[in-house]
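What follows is each chain in one-letter form.
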Amino acid sequence: MIDYKTLYNSDPFGLEIKKKDPWYLTNQKKLCLYHYKNSNNYKLIIDNIFKNISQVKKISNLPFIHTSLFKNFDLISTNRDQKVSTFSSSGTTSSKQSKINLDPKTSLLQTKALSRIFSKIINKDKDIFFIEKKKFLKSRESMSAKGAAIKGFSQLCNKKYFLLGSDNKINFTLLKNYLKKNRNKEFIIFGFTSSVWFNLLKEAKRQKIKIKKNQGILIHGGGWKKMYDLRVDNDKFKKKIKSVFGLKHVYNYYGMIEQTGSVFLECEEGYFHCSNFSDVFIRNSKLELSKIREIGLIQTLSLLPLSYPGHNILTEDLGVIHGIDDCSCGRKGKYFTVLGRVPNAELRGCSDVT
Amino acid sequence: MLLENGKKIKIIVGKFNFKDGPNDIFSEDIILLLNEISKEILNNKKCKKFPDLITFGFWCRKSNINKIFNNYNFFKNRMGRGTVLHITPSNVPTNFAYSMVFGLLSGNNNIIRLPSKNFLQVKILCEILKKLSTKKIFKKSFQKLLLIKYQNSDLISSELSKNVEARVIWGGDSTVKKFKTFETKPRCIDLSFANRYSISLIDSNKLAKLNAQNLSSLAKKFYNDTYTMDQFGCSSPNSIFWLGKNNFAKKRFWFELSEIVNKEYNLDLSGANKKISNLMNFALNKNKRFKAKIDNFNLITLKSKKINFDNFENINFGTFLEIDLNDINNLKKYTSEKLQTITYYGIEFKIIKKFIINNKIKGIDRIVPIGRAFDLTPEWDGLDIISTLSRTIGI
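Rules behind the numbers
Residues numbered from 1 in each chain as written. Chains lettered and ligands numbered in written order. Predicted model: local features only at pLDDT ≥ 70, side-chain atom pairs only at ≥ 80, totals over all residues. Helix = DSSP H or I, 4+ residues; strand = E, 2+ residues; numbered from the N terminus. Rg over C-alpha atoms; globule rule 2.2 N^0.38 Å. Buried ≥ 20, exposed ≤ 12 C-beta atoms within 10 Å, placed from the backbone. Contact = placed C-beta atoms within 7 Å. Domains from an automatic or database assignment. Pairing = 2+ DSSP bridges. Axes fitted to C-alpha atoms, helices over the stretch in contact; angles between N-to-C directions. Nonpolar A, V, L, I, M, F, W, Y, C, P; charged D, E, K, R; others polar. pLDDT = per-residue confidence, 0-100. Core = buried A, V, L, I, M, F, W, Y, C linked by C-beta atoms within 7 Å. Left-handed = near helix turned anticlockwise from the far one by under 90°.

Caption draft 1: Representation of the overall build of chain A within the structure. Summing up its helical and strand segments, chain A has 10 helices and 14 strands in all. Relative to its length of 354 residues, chain A is compact, with a C-alpha radius of gyration of 20 Å against a globular reference of 20 Å. Considering only C-alpha atoms, chain A reaches an extent of 60 × 55 × 45 Å along its principal axes. Counting only residues that meet the buried cut, chain A has 44% of its 354 residues in that class. Considering only residue pairs separated by 6 or more positions, chain A has 71% of its internal contacts joining residues 24 or more positions apart.

Caption draft 2: Highlighting the overall build of chain B. Secondary structure assignment for chain B yields 14 helices and 17 strands. At 22 Å, chain B has a C-alpha radius of gyration in line with the 21 Å of a compact globule built from 395 residues. Here the C-alpha coordinates of chain B stretch approximately 65 × 45 × 45 Å along the principal axes. Counting only residues that meet the buried cut, chain B has 43% of its 395 residues in that class. Taking as baseline every contact in chain B between residues at least 6 positions apart, the subset at least 24 positions apart corresponds to 77%.

Caption draft 3: Layout of the domain arrangement of chain B. Domain boundaries in chain B define domain 1 (6-194) and domain 2 (197-369). Its C-alpha centre places domain 1 of chain B at a distance of 32 Å from the equivalent point of domain 2 of chain B.

Caption draft 4: Molecular detail of the sheet that holds strand β8 (residues 197-203) of chain B. All names here are of chain B. The strand order across the open sheet built from 7 strands is β10-β11-β12-β9-β8-β13-β14, with neighbouring strands paired in mixed fashion. For this open sheet the edge positions go to β10 (291-293) and β14 (366-369), each flanked by a neighbour on one side alone. Strand-to-strand twist in this sheet, taken as the mean axis angle between neighbours without regard to direction, amounts to 25°. Where β8 and strand β9 (residues 237-243) come together, 5 bridges link them in parallel fashion. Its bridge partner being in β9, Ser 198 is matched across the sheet by Pro 237.

Caption draft 5: Main features of unusual backbone geometry. The residue Asn 184 of chain A is not glycine, and still its phi comes out positive at about 60°. Following the sequence through the fold, Asn 184 of chain A ends up in the loop between α7 (172-181) and β6 (187-192). What makes Asn 184 of chain A exposed here is the crowd of 7 C-beta atoms within 10 Å. Residues other than glycine seldom take positive phi values, yet Phe 26 of chain B does so here, at roughly 50°. Mapped onto the elements, Phe 26 of chain B comes out in the loop between β1 (10-14) and α1 (28-43). For Phe 26 of chain B, a count of 21 C-beta atoms within 10 Å gives the class buried.

Caption draft 6: Main features of the environment of Val 122 of chain B. Residue and element names in this part refer to chain B. The residue Val 122 is located in helix α5 (residues 120-133) in this model. Taking the C-beta count within 10 Å as the criterion, Val 122 has 22 such neighbours and is therefore assigned buried. Sequence separation of Val 122 and Ser 390 is 268 residues, and the distance between their C-alpha atoms is 26 Å. If we skip the residues at most four places from it in the chain, Val 122 touches Pro 93, Leu 114 and Pro 115.

Caption draft 7: Structural view of the interface of chain B and chain A. Contacts between the two partners involve 42 residues from chain B, matched on the other side by 31 residues from chain A. Looking at the side of chain B that touches chain A, the elements that each hand over two or more residues are α8 (172-180), α12 (269-284) and β10 of chain B. Take the side of chain B that touches chain A: its biggest share by element is 13 residues, from α12 of chain B. A breakdown of the residues in the side of chain B that touches chain A according to their chemical character gives 20 nonpolar, 17 polar and 5 charged.

Caption draft 8: Layout of the confidence of the model for chain B. With 96% of its residues at a pLDDT of 70 or more, chain B shows a mean pLDDT of 91. Note on the complex model: pTM 0.88, ipTM 0.90.

Caption draft 9: Region of interest: helix α4 (residues 95-105) of chain B. Burial analysis of α4 of chain B places 11 of its 11 residues in the buried class, which makes it a mostly covered element. Immediately downstream of α4 of chain B, the backbone of Gly 107 of chain B shows phi near 85°, a positive value.

Caption draft 10: Examining helix α3 (residues 40-49) of chain A more closely. Every buried residue of α3 of chain A is listed here: Asn 41, Tyr 42, Ile 45, Ile 46, Asn 48 and Ile 49 of chain A. Residues of α3 of chain A that are buried in the fold lie against α2 (17-38) and β1 (65-66) of chain A together with α12 and β10 of chain B.

Caption draft 11: View of the nonpolar core. Within the largest apolar cluster, 124 residues are counted, with the highest numbers of intra-cluster contacts made by Ile 188 of chain A together with Leu 279 of chain B. Here the element with the most residues in this core is α12 of chain B; it accounts for 7 residues. The residues touching Leu 279 of chain B, leaving out its near neighbours within four places in the chain, are Ile 49 of chain A together with Ala 292, Ile 300, Ile 315 and Thr 319 of chain B. In this structure, Phe 26, Ile 128, Leu 160 and Val 176 of chain B belong to the second largest nonpolar core, which totals 49 residues.

Caption draft 12: Representation of the pairing of strand β12 (residues 319-324) of chain B within the structure. All names here are of chain B. Of the pairings in the sheet, the one linking β9 to β12 comprises 4 bridges and is parallel in character. Within β12, the residue paired with Phe 241 across the bridge is Ile 323. Across 4 bridges, the pairing between strand β11 (residues 300-303) and β12 is parallel. In the strand pairing of β12, Lys 303 is matched with Glu 322.

Caption draft 13: Quick look at the sheet that holds β1 of chain B. Residue and element names in this part refer to chain B. Taken in spatial order, the 6 strands line up as β1-β5-β4-β3-β6-β7 in an open sheet, and their pairing is mixed. Because the sheet does not close on itself, it has two edges, and the strands there are β1 and β7 (189-192). In this sheet, adjacent strand axes meet at a mean angle of 15° when their direction is disregarded. In this fold α4 packs onto β3 (83-87), β4 (109-113) and β6 (166-169), with an angle of close to 165° to the strand it touches most, β4.

Caption draft 14: Molecular detail of the environment of Phe 264 of chain A. All names here are of chain A. Note that Phe 264 resides in strand β9 (residues 264-266). The class for Phe 264 is buried, based on 28 C-beta atoms found within 10 Å. Residues Phe 264 and Asp 279 lie 15 residues apart in sequence; the distance between their C-alpha atoms is 9.2 Å. The contact partners of Phe 264, leaving out residues within four places of it in the chain, are Tyr 253, Tyr 254, Gly 255, Phe 272, His 273, Cys 274 and Ser 278.

Caption draft 15: The arrangement of the packing of α1 of chain B against helix α2 (residues 51-59) of chain B in detail. Residues and elements named next belong to chain B. Closest axis-to-axis distance for the α1/α2 pair is 8 Å, and the angle between their directions is 145°. Along this stretch, α1 crosses α2, giving a crossing that reads as left-handed. Only Leu 53, Phe 56 and Gly 57 of α2 make contact with α1, whose side of the interface consists of Ser 38, Ile 41 and Leu 42.

Caption draft 16: Highlighting the environment of Val 164 of chain B. Residue and element names in this part refer to chain B. Mapping Val 164 onto the fold places it in the loop between α7 (154-162) and β6. A tally of 23 C-beta atoms within 10 Å means that Val 164 is categorised as buried. C-alpha separation for the pair Val 164 and Arg 187, spaced 23 residues apart in sequence, amounts to 9.4 Å. Val 164 has contacts with Thr 83, Val 84, Leu 85, Ile 111 and Cys 188, leaving out every residue within four places of it along the chain.

Written as structure tokens, this is what we have:
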């Protein structure tokens, strides 16, 4: 159905928008129609609110669904008797969590996509450290977003190490010994943004650990809400992590549980990039497309979700597209920044006394 | 007088021990005070940019209060109950002022909890009240008034509830439920304002007879009823029920409305996010079927032949259900006791009243022409606030 062969064999950041768009439209449309046939709730949204999918001629006119639906409804596009696991977002701050119905096929697509997107940064010469326990991969959670990331990265790297001990404490000795033996060797540390900050950094501070300059690269993503609450932005995060751990590079990515795998990688210039797996639009308060450099709600698209209709989502994040095809990092396609969560609307009216 | 933990309560105007009351309803000095408040508002430059303050300023003028009084002046045997506790909504700035006026006009002492949000309107109005409270001539009237603020506290709310003769509880189902759990005097009377919804009823054939100017002015009135509070006010219509089959007239109405909306309505990104989220959640809730028109995101219409009205409070920010009725009696299945206001055009009041009686409908407490959805009168939610807050002396 979807042209996954081309997708997985091409340079994920190599297509100019002119070449990418027609191909992406065809495949994204197929995916829309697939979910229309297979998910009752998705069909209801399309029938009630959007125009006929097959008549759409622009990617931006394809129907999207609001991210809150994953919190309030069970969205699934496959037979329930097939092997489907349900996952919740890691977000512990908000009251309701997103629920994602993931089947093995989608999970595999996500893992493979992740390795493609990070293939320039990670390769078989490098070893990787995960901020996770060793037995994680054997747990049920291994099919979650974090699991997809760990499996995807493991395949790309040489040796893998797990930094979290069974007592939930970071094992710095492991890292220090590694650095003693492997001076000047590039290596990777991967973790979710919040666990890098709250586990790795906090524990290093507590133990007064500071590591001297090395060839390490940190890859992190997801869950910025807690960081915003602490008023830690991307720059501050980077500086702090680099100074404590002596790392060479810190790569952030933008992703969400609904679109695990097709994450938006931050380039050397500090912008998130679309890959061939994904697309992004920014919409203004009338839900029309914002102009370049105009702030709006972020809409993200992915070609990966098959077992649930998460392929085209209006998020509650604010962002800005800075340009297309012309980022000085050399990657093609759209590049953008994320400005945080849209504030809650001030509700007027007579209910609610606080 | 009441509280051990009085420390947490911030007194804005007045004192805790009331020295006066109960009084006659519509007493002279209260009407005089209200007229003075009106003057202060209408002459205050700071008030100019708040239409809701100006509306209140006109409303509490002597001439208007006397108009209201005419409905009551046969009640020679009425006076206040004692002390009334007013719990006002946090997000309608001037609601407390109306509640206060009803409490004063019905001859009571009043404890008014102000919205916790710092609205400028509330601040200005309190400044005016403070200023007037220093005048000798109003000394007696201000002995009936206490305006307070406190952060949500069950302890304070329940303490305040213990010793009053009546409570006016705005703020919808959850607030009402909460306050019902607090102990009150056995004879304490509650005026509770629960969650309600409202609709519009328009005869398209009558609409067709309007000239361009009058149609535009009707659309403007409809706009004021709906968009000024993003449709969150419970008396704000969330749907139009059409009588008559003049589709051209309906189209013209929506067009006129969209012209006004596009000129005057500014939804921000937070509102837009909430609007689309609400719409999509609404669509999936209980398998509803409708056809949305979202080309102009500022004015969304949902056309439907059959729709479940259970979960109706959730669509806002300029989203309207549109339902064609062959006959007014078909409206029955869309009504419930939660239906508060019908704003209408092209239909007579008595026909709607007949519809209510013939169909044994429990809801519908207000039937007003389009444009008057927000007119606060002593008759609200099927209650006469002034009569209820006062007692009748048997003679």
